[in-house]
Amino acid sequence: MDARLAQLASLNQKDKATAYQSLLSEILSREDQSSVVADIHTLIDNVVNQESVGLVISRGILSELVKALSQGKIKDPEQRQRIVEDTLNIVQPRIVSYEEQVNSLRFQLADILEEQEQWSDAARVLMGISLDSGQRSLPDEDKLRVYVRIVRLLLEEEDSVEAERYYNRAALLAHSTTDKETLLQFKLCQARISDYSRKFLEAASRYHELSWVTEIDEEERKHMLSAAMTCAILAPAGPNRSRVLASLCRDERTADLPHFNILLKMLHDRILRPDEIKEFEGTLKPHQLAKIAISSNDRLASAVAEDDQLSDPTISTRKGPSTVLDRAVMEHNLLASSKIYNNITFRGLGALLDLTPGAAETMARRMIEQGRLKGAIDQVEKLISFEVLGEDDDAQGKAGGLGDVEQVEEDTGAPFTKRWDMQIRLTAANVETIVQHLTEKGLVSFGAVQA
């Protein structure tokens, strides 16, 4: 090979281009390709680093090599990877002169690494592509594709911090394309970024939206719907989560998926027991089981007096939720308890949530501050009083198929008497609804009343 290259060096510039291309074609067309990696390395090193070879010729040879590799003339994937990596290393010191060829080689190397499921390495290769340069700047639509691909690869590696950085770049260019595939990949990255960032409400809505897109494979849509259910269950308890839960429960497809019962119980504000969420916990991804650090202020506020701990060994010693799932379940059970009890002591709520009384009060206080729970805290009496939401009044007027019924509030003088009357009305209305439903199904019948 060295003797052949020495002969080519003596040719004039006009004949060199043809001679080097012929040599490259000869190397690539050999039946025995055992030495193809070493020969191409020697050829490219000679073309790029020899001053006697002009820039026009070296660019042409590199372009021919890129074209041959993309056409699959090197069958062995390992050899193809070594050739691409060697060529990039040789060209690196003079990368400014060969930007177009280097970018093409990096795309090919990223494809090879992605096939090998080396997600992080493939992403790093794509990060090295020069998207903005003085010689050749890619269109915004192509930049968007590169950024979305980098985000997707980083998320496969669960590197959400770096992925979010490139997602922010992609978001600035999302308007530049009308290609459906690129936009769908961008929206999926958007949902996954929200998921990894623990913005579970936002992620649930986006996953659910994508599950309706007919261009996506049926199995993938089912997977997205399941992801939407998981994120909705992990979302912070409150009115916004209730709306997302209601939307998912109205979707007929969710009834066939696992954990639908948990979704339904959360929608109806029923208390969840530890054994009910144990199976669900096994399906969560590592970032959804991330540990939660308790702040020093919360730790201090939730501390139980030492004499209380000594006097009652049944009090829990937990000072807060330990995981994302733990927090979601505790907040849900606290919200569910507000539908059952008029008021509850700190110790009673702590026993329900498996927390110290102080930690239970801290959680309730935060939810009240954020508007996710209606109630008031009496720290002197160590009592939390819950308020009835306005939605309950609307439900009573429409129960039993009566439609919108104008209700005239009766001034009884005492707020607890009004609440008691309201609960009686609600119970009676629910019983009427159940009887009406059973009658329509023909499960019960009522004979004529004798005069």
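In what follows, the structure referred to is the one given above.
Definitions and limits used
- Just so you know, the residues in each chain are numbered from 1, in the order the chain's sequence is written.
- In keeping with the model being predicted, local features are shown solely for residues with a pLDDT of at least 70 and side-chain atom pairs are shown and tallied solely at 80 or more, while totals for entire chains, interfaces and linings include all residues.
- Processing note: side-chain calculations cover all non-hydrogen atoms of the structure and skip hydrogens and water entirely.
- Think of it this way: any DSSP run of H or I at least four residues long counts as a helix, any run of E at least two long counts as a strand, and we number them from the N terminus.
- Type-normalised accessible area, obtained with a 1.4 Å probe on protein chains alone, sets the label of each residue: buried when under 20%, exposed when over 50%, and partly exposed for intermediate values.
- Should any heavy atoms of two residues lie within 4.5 Å, those residues are counted as being in contact.
- All axes are obtained by fitting lines to C-alpha atoms, using only the stretch in contact for helices, and the reported angles, taken between N-to-C directions, cover 0 to 180 degrees.
- Here roughly perpendicular refers to angles of 65 to 115 degrees, roughly parallel to angles under 35, roughly antiparallel to angles over 145, and oblique to all remaining angles.
- A crossing counts as left-handed when the near helix is turned anticlockwise from the far one by less than a right angle, and as right-handed when that turn is clockwise.
- The span expected for a helix works out to 1.5 Å for each residue beyond the first.
- All residues other than Ala, Val, Leu, Ile, Met, Phe, Trp, Tyr, Cys, Pro, Asp, Glu, Lys and Arg, Gly among them, are scored as polar; the first ten of these are nonpolar and the last four charged.
- Definition used for salt bridges: Asp or Glu carboxyl oxygen within 4 Å of a side-chain nitrogen of Lys or Arg.
- By convention, a stacked pair of Phe, Tyr or Trp rings (six-membered ring in the case of Trp) has centres within 6.5 Å and planes under 30 degrees apart, an edge-to-face pair has planes over 60 apart, and any other such pair is tilted.
- We call a set of buried Ala, Val, Leu, Ile, Met, Phe, Trp, Tyr and Cys residues a nonpolar core when their side-chain atoms join them within 4.5 Å.
- Between any two strands, at least two bridges found by DSSP are needed for them to pair.
- Here a polar contact is recorded for every N or O atom pair within 3.5 Å, except that within protein the pair must consist of a potential hydrogen donor and a potential acceptor, and residues adjacent in sequence are included only if both atoms are side-chain atoms.

(A) A look at the overall build of the protein. A tally of regular secondary structure across the protein gives 22 helices and three strands. The buried share of the protein, taken over its 451 residues, is 42%. Within the protein, contacts between residues at least 6 apart in sequence are counted, and of these 62% link residues at least 24 apart.

(B) The arrangement of the packing of helix 11 (residues 200-210) against helix 12 (residues 218-234) in detail. In the contact formed by helix 11 and helix 12, the axes pass within 8 Å of each other and the chain directions differ by 160°. Viewed along their axes, helix 11 and helix 12 adopt a mutual orientation that is roughly antiparallel. Our pair here, helix 11 against helix 12, has a crossing hand that is left-handed. Listed contacts from helix 12 to Phe200, Ala203, Ala204, Tyr207, His208 and Leu210 of helix 11 are Arg221, Met224, Leu225, Ala227, Ala228, Cys231, Ala232 and Leu234.

(C) Geometry of helix 6 (residues 99-115). The terminal C-alpha atoms of helix 6, which comprises 17 residues, lie 24 Å apart, in line with the 24 Å expected from a rise of 1.5 Å per residue. With twelve of 17 residues buried, helix 6 is to be regarded as a mostly interior element. Every buried residue belonging to helix 6 is among Glu99, Gln101, Val102, Asn103, Leu105, Arg106, Gln108, Leu109, Ala110, Ile112, Leu113 and Glu114, and all of these are buried. Buried positions along helix 6 lie against helix 4 (55-70), helix 5 (77-91), helix 7 (119-127) and helix 8 (140-156).

(D) Main features of the packing of helix 9 (residues 160-171) against helix 10 (residues 180-196). Look at helix 9 against helix 10: their axes get within 10 Å of each other, and the N-to-C directions meet at 140°. Here helix 10 runs oblique to helix 9, going by the angle between their axes. At the point where helix 9 passes helix 10, the crossing takes the left-handed sense. Of the residues in helix 10, those touching helix 9 at Ser160, Ala163, Glu164, Tyr167, Ala170 and Ala171 are Phe186, Gln190, Ile193 and Tyr196. Its residues placed into classes, the contact of helix 9 with helix 10 shows seven nonpolar, two polar and one charged.

(E) Quick look at the pattern of salt bridges. Under the criterion given, the structure shown has 16 salt bridges. A salt bridge links Asp251 to Arg253; the shortest N-O distance between them is 2.7 Å. Residue class for Asp251 comes out buried when judged on its relative accessible area of 5%. Residue class for Arg253 comes out partly exposed when judged on its relative accessible area of 24%. In this structure, a network of salt bridges that share partners links the residues Asp111, Glu114, Arg149 and Arg152.

(F) Structural view of the packing of aromatic side chains. Applying the stated criterion across every chain, the model contains two aromatic pairs. Taking 6.1 Å as the distance between ring centres and 50° as the angle between the ring planes, the aromatic pair formed by Tyr147 and Tyr166 counts as tilted. Residue Tyr147 is located in helix 8, and its partner Tyr166 is located in helix 9; the two are separated by 19 residues in the primary sequence. There is no split in this pair, since Tyr147 and Tyr166 are both buried. Seen from their ring centres, Tyr167 and Phe186 are 5.5 Å apart, and the 15° between their planes marks the pair as stacked. One end of the pair, Tyr167, is in helix 9; the other, Phe186, is in helix 10, with 19 residues separating them in the sequence. Residue Tyr167 is classed as buried on the basis of its relative accessible area of 12%.

(G) Main features of the nonpolar core. Core analysis: the biggest nonpolar cluster contains 61 residues, and Tyr20, Ile40, Ile44 and Val151 have the highest contact counts within it. In this structure, Leu184, Ala204, Leu234 and Leu245 belong to the second largest nonpolar core, which totals 37 residues.

(H) Region of the structure containing the pairing of strand 3 (residues 383-386). Of the two faces of strand 3, the one holding Ile384 and Phe386 is buried and the one holding Leu383 and Ser385 is not buried anywhere. As paired strands, strand 1 (residues 343-345) and strand 3 are joined by three bridges and run antiparallel to one another. Following the sheet pairing, Asn343 is matched in strand 3 by Ser385. Taken together, the four bridges between strand 2 (residues 375-378) and strand 3 define a ladder with antiparallel strand orientation. Looking at the pairing, Ala376 lines up with Ser385 of strand 3.

(I) The sheet that holds strand 1, seen in detail. The strand order across the open sheet built from three strands is 1-3-2, with neighbouring strands paired in antiparallel fashion. Where the open sheet ends on each side, the last strands, each with one partner, are strand 1 and strand 2. Each strand of the sheet is rotated relative to its neighbour by a mean of 15°, with strand direction disregarded.

(J) Broad picture of unusual backbone geometry. Phi at Glu158 is positive, roughly 60°, even though this residue is not glycine. At Arg198, a residue that is not glycine, the phi angle is positive and equals roughly 65°. With respect to the helices, strands and loops of the structure, Arg198 is situated in the loop between helix 10 and helix 11. Owing to a relative accessible area of 37%, Arg198 belongs among the partly exposed residues under this scheme.

(K) Highlighting the environment of Phe200. One can find Phe200 in helix 11. When near neighbours in sequence (up to four residues on either side) are disregarded, Phe200 contacts Ser194, Asp195, Cys231, Leu234, Ala235, Gln288 and Val324.

(L) Layout of the side chain of His287. Note that His287 resides in the loop between helix 15 (274-281) and helix 16 (296-301). Within the local environment of His287, its side chain forms a polar contact with the side chain of Asp195, the two groups lying 3.0 Å apart.

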